[in-house]
Amino acid sequence: MNLAVRDIRHHSGRFVLTTVGIGLLLMIVMGMGGIYRGLIHEAILLVDRIDADIWIVQGRTRGPFAETSRIPVSLEDRARAVPGVAWSRRLVSHTIQREHRGRPLRMVVQGLAWPDDNGSWIPLVAGRPLGQAHFEMTADRSLGLALGEQLTLGKDRYTVVGLTRGLVGTGGDGLAFFTASDALAIQFDVPGDARRLERAARRERVASQDLGQVLPLLLDRASGPENDIPALTPPQVSAVVLKLRPGVDTNDVIKTISAWPDVTAYSTDQQKQLLLGGMVDRSRRQLGMFRVLLIIISTIIMALILYTLTLDKLHDIAMLKLIGARNGVIVGLILQQALLMGALGYGLAWWLGQYAFPRFPRLVIIEAPDLLMLGGIVLAISVLASLLGIAKAMRVEPNKVLAG
Amino acid sequence: MNSLAADRPAILAESLTKTYGSGNTEVIALRDVTLKVQRGEVVALLGPSGAGKSTLLTAIGLINPPTSGRIHIGGHLVLDGPHPAVDLRAFRRKHLGFVFQRANLIPFLSALENVQVAMEINDVTPRAAKQRARELLEYLGVGDRASHLPEELSGGQQQRVAVARALANEPGLILADEPTAALDSHRGRQVMELFAKVSRERQAAVLVVTHDHRALDVFDRTLEMEDGRLRESAPSSITPATQH
């Protein structure tokens, strides 16, 4: 006969309410673990999808995602010439926040090295990859854009030609793919007045120097478009990514590129470590702290309820001892209730999570090893929570029955 | 048949004393009490409140050891002064049955389960325990209430279930502390007669602390306690006026 189950049936209201409470707390603990997994997934998703072997970024920086990186676009050609490199592509990546349909729209702008790369590697759920050099984009569904919808960014209007799902940047913002030149245009878009003021300022600076005074044509050049002025730096990109030929050792190529004084090269694994070690680590520790606190709270709540359920039964426990019940029967009564509470709470947490987690704004990934680990923790806290009640029950003397 | 040896007294208590507190607050509850009860004997223990009846009963019931003296049950030395000579809880489980003024049924178990649990903790298989519990409840006239929780039973029915639980493991000794106090006279007499019947049929010794004089004729012997001392008395010599 299972005394624990029969007692629970008798005190079902309190047991059910406590179990629901524990279940909700465990769902949050489970969800926080899932958010952490989601952060990792999102942080390295793009690195994985781009499928490069080496990332070349601005010297002594940890770009392009962990921090800002600026390198000349010409580096794409320089890297292509390194022995063992199969292809080399510029990468433009930056986050923007604009107004669209009266709401803030935050997205990670990714530039593709058109025409070598039209984004055919991007897993689309609707539409097609980019089909022309300008004014087309593919967008993640999390951005809320529809296929065929037009979006004004800077001075240009872009049409959504393809949709992805679950493709987000390291901060959880949806990815939008453009050609690299469009991505740069979006990044460096400035109002016409600002551009005119900058040209006028350039003309003033040249006019104030002897070179401008002896070469009047130089004044016209200085006040013209930027790309007509050789002295100004060409457009810059975030990084250049390389794919190596089969059999080529990544470390050998990195060693070659590392000899260049203006850039730093990382393998894909190193790039992931930069993201995980920097951006994700603090979130991991923060979530970890919350999880520990919630587990402690769950344990205390379980212990209190089990203790009060035990207090309610002290007379019955004394009676059981009087008629000769072994300690194992008494311990089993309390411990089984604790384990049942933990197991039902855990099951409830998992079940509720199936409905709640997909509605979270950030990706929540619940993995089997995490579920197993949490199961182990629930087992441990159930045992721990029952100790107070068991200690009390063990101290009860059988002659307490006579006290009425 | 019961669980104790047939050729030994069910209870042999020798020179029991029990002292509570010390110094100015010392109270002597038992003074050199010696008691012998044979198997199949039904004995009433009478006396005013505070005379030491319950102390003696709980000492023999192995839940309140004496300060000195020895207790043998069924020929086994079980307590030598306050020191147990056997595993007391295991001994209670196998050889003793208890009935109290309140039925003390476990509230979350049905009548059947209250009886069944006493056997299961004595390693009887659940199936056999259930079968025997049902038989006992039928024997005590509450078979039709087997599936009811204690709160759904009358006081008399609860006490019958408690008696059934006390009989569950066929103990050699049944100890009852004012088992009829919460019952009307008719029900009280029924319970006392039940003890006598059980004692006759199962050769169990029954020691009953009682204030109820209306059923003293049921007992084989009556003992009286006063100021911690025990003396034997004939049932006719006990008058209601001397009782509390």
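Since the model is a prediction, treat every value here as computed from it, not as a measurement.

Asker: Give a description of the overall build of chain A that names residues and reports values.
Answerer: Along chain A, the regular secondary structure elements total 12 helices and 12 strands. A compact globule built from 404 residues should have a C-alpha radius of gyration of about 22 Å, whereas chain A, at 32 Å, is more than 25% larger. Taking the principal axes of its C-alpha atoms as reference, chain A extends roughly 115 × 50 × 45 Å. Within chain A, the fraction of its 404 residues that count as buried is 46%. In chain A, the proportion of contacts linking residues at least 24 apart, taken out of those at least 6 apart, comes to 75%. Summed over its atoms, the accessible surface of chain A is roughly 19800 Å², and 58% of this surface lies on carbon and sulfur atoms. Taking the average place of the 44 positive charges on the side chains of chain A and the average place of its 35 negative ones, the gap between the two points comes to 9 Å.

Asker: Account for the packing of helix H2 (residues 12–50) of chain A against helix H12 (residues 368–395) of chain A, naming residues and giving values.
Answerer: All names here are of chain A. Interhelical geometry of H2 versus H12 gives an angle of 150° and a closest axis separation of 11 Å. For the crossing formed where H2 meets H12, the hand is right-handed. Counting all contacts with H2, which are made through Leu26, Val29, Met30 and Arg37, the residues of H12 involved are Asp370, Leu371, Leu374 and Val378. For the contact of H2 with H12, a count of residues per class yields six nonpolar, no polar and two charged.

Asker: Quick one: what's the story with the pattern of salt bridges, residue by residue and with numbers?
Answerer: Tallied over the full model, the rule gives 28 salt bridges over all chains. Where B:Arg221 meets B:Glu41, a salt bridge forms, and the shortest distance between an N and an O atom there is 2.6 Å. Taken together, the positions of B:Arg221 in strand E10 (residues 221–226) and B:Glu41 in the loop between strand E2 (27–37) and strand E3 (42–46) put the pair 180 residues apart, joining distant regions of the chain. Neither B:Arg221 nor B:Glu41 differs from the other in exposure class; each is buried. Between B:Arg189 and B:Glu193 there is a salt bridge whose closest N-O contact spans 3.1 Å. On the criterion of helical spacing, the pair formed by B:Arg189 and B:Glu193 is a turn pair, its members being four residues apart in helix H6 (residues 185–202). Owing to a relative accessible area of 28%, B:Arg189 belongs among the partly exposed residues under this scheme. One network of salt bridges, in which partners are shared, links A:Glu76, A:Asp77, A:Arg80 and A:Arg90.

Asker: Run through the pairing of strand E4 (residues 68–73) of chain B, naming residues and quoting values.
Answerer: All names here are of chain B. As judged from the five bridges shared by strand E1 (residues 11–20) and E4, these two strands associate in the antiparallel manner. Directly across from Ile11, in E4, lies its bridge partner Ile73. Sheet analysis places E4 next to strand E5 (residues 76–80), joined by four bridges and oriented antiparallel. Residue pairing across strands places Ile73 opposite His76, the latter belonging to E5. Taken together, E4 and the strand that follows it, E5, pair antiparallel across an intervening segment of two residues, in which Gly74 is found at a positive phi of about 60°.

Asker: Describe in detail the confidence of the model for chain A, supporting the description with residues and values.
Answerer: In this model, chain A carries a mean pLDDT of 88, and residues with pLDDT of at least 70 account for 98%. Mean pLDDT across the elements of chain A ranges from a minimum in helix H7 (residues 216–222) of chain A, with 78, to a maximum in strand E6 (residues 136–140) of chain A, with 95.

Asker: Please give an account of the domain arrangement of chain A that cites residues and values.
Answerer: Residue and element names in this part refer to chain A. Domain annotation of chain A identifies domain 1 (3–43 + 280–403) and domain 2 (49–277). Between domain 1 and domain 2, the residue contacts involve six residues of the former and eight residues of the latter. Each partner contributes to the roughly 620 Å² buried at the junction of domain 1 and domain 2, and carbon and sulfur atoms together form 53% of this total. Sorting the residues of domain 1 by area buried against domain 2 places Glu42, Ala43 and Arg362 first, and these three jointly supply 61% of that buried surface. The interface formed by domain 1 and domain 2 includes zero salt bridges. Those elements giving two or more residues to the side of domain 1 that touches domain 2 turn out to be H2 and helix H9 (268–312). It is H2 that contributes the most residues to the side of domain 1 that touches domain 2, three residues altogether. Residues that form the side of domain 1 that touches domain 2 fall into these classes: three nonpolar, no polar and three charged.

Asker: Give a description of helix H10 (residues 314–322) of chain A that names residues and reports values.
Answerer: Residues and elements named next belong to chain A. Among the nine residues in H10, nine count as buried, and that is most of the element. Of all the positions in H10, only Leu314, His315, Asp316, Ile317, Ala318, Met319, Leu320, Lys321 and Leu322 are classed as buried. Phi turns positive, to about 100°, at Gly324, one or two residues after H10.

Asker: Give a description of the interface of chain A and chain B that names residues and reports values.
Answerer: Taken together, the contact between chain A and chain B spans 24 residues of the former and 24 residues of the latter. In total, chain A and chain B occlude about 2400 Å² of area from one another, counting both sides; carbon and sulfur atoms represent 63% of this. When the area that chain A buries against chain B is broken down by residue, the three leading residues are A:Met1, A:Ile323 and A:Arg326, summing to 26%. At the junction of chain A with chain B, the criterion picks out two salt bridges. In this structure, the salt-bridge partner of A:Arg6 is B:Glu113, at a minimum N-O distance of 2.7 Å. Scanning the region where chain A abuts chain B turns up 11 residue pairs in polar contact (both at pLDDT 80 or more).

Asker: Tell me about the environment of B:Leu137, residues and numbers included.
Answerer: Along the chain, the position of B:Leu137 falls in helix H4 (residues 126–139). The sequence separation of B:Leu137 and B:Arg160 amounts to 23 residues, and the corresponding C-alpha distance is 7.8 Å.

Asker: Residue-level account of the packing of aromatic side chains, with values.
Answerer: Residue and element names in this part refer to chain A. Considering all chains together, one arrives at seven aromatic pairs over all chains under this definition. Ring centres of Trp121 and Phe177 lie 5.7 Å apart, and the angle between their planes is 90°; on these two criteria the pair is classed as edge-to-face. Linking Trp121 in the loop between strand E4 (103–112) and strand E5 (124–127) with Phe177 in strand E9 (residues 174–179), this pair joins segments that are 56 residues apart in sequence. The partly exposed category is assigned to Trp121, whose relative accessible area is 27%. Residue Phe177 is classed as buried on the basis of its relative accessible area of 2%. Among the aromatic residues, those joined into a ring-pair cluster are Phe135, Tyr158 and Phe178. Lying over the aromatic face of Trp260, Arg78 brings its terminal NZ or CZ to 4.8 Å of the ring centre.

Asker: An account of the packing of helix H1 (residues 3–10) of chain A against helix H11 (residues 327–356) of chain A is needed here, citing residue identities and associated values.
Answerer: Residue and element names in this part refer to chain A. Running from N to C, H1 and H11 cross one another at 60°; their axes reach a closest spacing of 8 Å. Between H1 and H11, the interaxial angle falls into the category oblique. Between H1 and H11 lies a crossing of right-handed hand. Together, Leu3, Ala4, Val5, Asp7 and Ile8 of H1 and Val329, Leu333, Gln336, Gln337 and Leu340 of H11 make up the contact between the two elements. Partitioned by chemical class, the residues of the contact of H1 with H11 number seven nonpolar, two polar and one charged.

Cut-offs and rules
- Residues numbered from 1 in each chain as written.
- Chains lettered and ligands numbered in written order.
- Predicted model: local features only at pLDDT ≥ 70, side-chain atom pairs only at ≥ 80, totals over all residues.
- Heavy atoms only, no water.
- Helix = DSSP H or I, 4+ residues; strand = E, 2+ residues; numbered from the N terminus.
- Rg over C-alpha atoms; globule rule 2.2 N^0.38 Å.
- Buried < 20%, exposed > 50% of the residue type's maximum accessible area, 1.4 Å probe, protein only.
- Contact = heavy atoms within 4.5 Å.
- Areas by Shrake-Rupley, 256 points an atom, 1.4 Å probe, with all protein chains shown as cover.
- Lys, Arg positive; Asp, Glu negative; His and termini not counted.
- Charge placed at Lys NZ, Arg CZ, Asp CG, Glu CD.
- Axes fitted to C-alpha atoms, helices over the stretch in contact; angles between N-to-C directions.
- Left-handed = near helix turned anticlockwise from the far one by under 90°.
- Nonpolar A, V, L, I, M, F, W, Y, C, P; charged D, E, K, R; others polar.
- Salt bridge = Lys/Arg side-chain N within 4 Å of Asp/Glu carboxyl O.
- Pairing = 2+ DSSP bridges.
- pLDDT = per-residue confidence, 0-100.
- Domains from an automatic or database assignment.
- Buried area = accessible area lost by both parts, 1.4 Å probe.
- Polar contact = N/O pair within 3.5 Å; in protein donor to acceptor, adjacent residues only side chain to side chain.
- Phe/Tyr/Trp six-rings, centres within 6.5 Å; stacked < 30°, edge-to-face > 60°.
- Lys NZ or Arg CZ within 6 Å of the ring centre and 35° of its normal.
- Parallel < 35°, antiparallel > 145°, perpendicular 65-115°, else oblique.

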